[in-house]
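Here is how the chains run, residue by residue.
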Amino acid sequence: SLTTDIIVGFPGETEEDFKEVLDFAKLVKFDRLGAFAYSREEDTPADKLPNHLEDDVKNDRRDKLMLVQQQISQELNEKKIGNIYEVYIEDIDEEANFFIGRSYMDVPFEDGVIYIKYNSLYGINEFVKCKITDSYEYDLVGEIID
């Protein structure tokens, strides 16, 4: 699984620079990508650089990059349908009747999850073999197989 974080809106970043970042993300097709707007920190070398960008420009660039990644993620997730993964069950939603799990590809609290049809033979903190049956932009849906 290929993942990265990208900061956009660094002081002096031009539209052409940002276009290169978008093109790079489209070319590489990261499995997971986090985009963040540059945040000025007092008394750092970057704080002293010229040509700081306005917050609305930085946020717009972050949003554009995440939209590109959202499309990539959905495309890659669709290709996972039918695959089998070892999944760690970390939670259960009793009302909706499903487990919430993660594979080796998923960082807790940052990446997507795998929603697994509830099976009373298993519980939280167990590893199960899970066949992917559906996908969303960032999350997968699966069922436990024996």
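Quick caveat, the model's predicted, so the values are computed rather than measured.

1. Structural notes on unusual backbone geometry
Excluding glycine, residues mostly have negative phi values, and the peptide bonds linking residues are mostly trans.
Next, step 1: Phi angles above zero are rare outside glycine, and Asn 97 is one such case at about 65 degrees.
Next, step 2: Mapped onto the elements, Asn 97 comes out in the loop between strand S3 (84-93) and strand S4 (98-102).
Next, step 3: In this structure Asn 97 comes out as partly exposed when scored by relative accessible area, which is 46%.
Next, step 4: With a phi close to 70 degrees, Asn 125 is a non-glycine residue in the positive phi region.
Next, step 5: Inspection of the secondary structure puts Asn 125 in the loop between strand S5 (114-117) and strand S6 (127-135).

2. A closer look at the pairing of strand S2 (residues 32-37)
Next, step 1: In the sheet, strand S1 (residues 3-8) pairs with S2 via six bridges, with the strands oriented parallel. Looking at the pairing, Ile 6 lines up with Ala 35 of S2.
Next, step 2: Between the parallel pair S1 and S2, the chain is carried across by helix H1 (residues 15-28), and the sense of this crossover is right-handed.

3. Some remarks on the pairing of S3
Next, step 1: In this sheet, S6 lies alongside S3 in antiparallel orientation, the contact comprising five bridges. Across the sheet, Tyr 88 pairs through a bridge with Phe 127, a residue of S6.
Next, step 2: Alignment of S3 against S4, held across five bridges, turns out to be antiparallel. Bridging across to S4, Asp 93 finds its partner in Phe 98.

4. Notes on H1
Next, step 1: The first and last C-alpha atoms of H1 sit 20 Å apart over 14 residues, in line with the 20 Å expected at 1.5 Å per residue.
Next, step 2: Every buried residue of H1 is listed here: Phe 18, Leu 22 and Ala 25. In a view along the axis of H1, the buried residues occupy a sector of 60 degrees, so they form one face of it.
Next, step 3: The positive-phi residue at the C-terminal boundary of H1 is Lys 29, with phi of around 55 degrees.

Thresholds, definitions, all that
Per chain, the residues get numbers from 1 upward, laid out in the order the sequence is written. Where totals are concerned, whole chains, interfaces and linings use all residues; where local detail is concerned, this predicted model gives features only for residues with pLDDT of at least 70, and gives and counts side-chain atom pairs only at 80 or more. As a rule here, side-chain values cover all heavy atoms of the structure and leave hydrogens and water aside. Runs of H or I in DSSP of at least four residues are treated as helices and runs of E of at least two as strands, each being numbered from the N terminus. The buried label goes to any residue with under 20% of its type's maximum accessible area, the exposed label to any with over 50%, and the partly exposed label to all in between, with areas taken from a 1.4 Å probe on protein chains only. Paired strands are those between which DSSP finds at least two bridges. Whether a crossover is right-handed comes down to one check: with the strands pointing away from the viewer, does the path from the first strand over the helix to the second run clockwise; if it does, it is right-handed. By this rule, a helix spans an expected 1.5 Å times one less than how many residues it contains. In this description, the arc belongs to the directions extending from the helix axis to the C-beta atoms.

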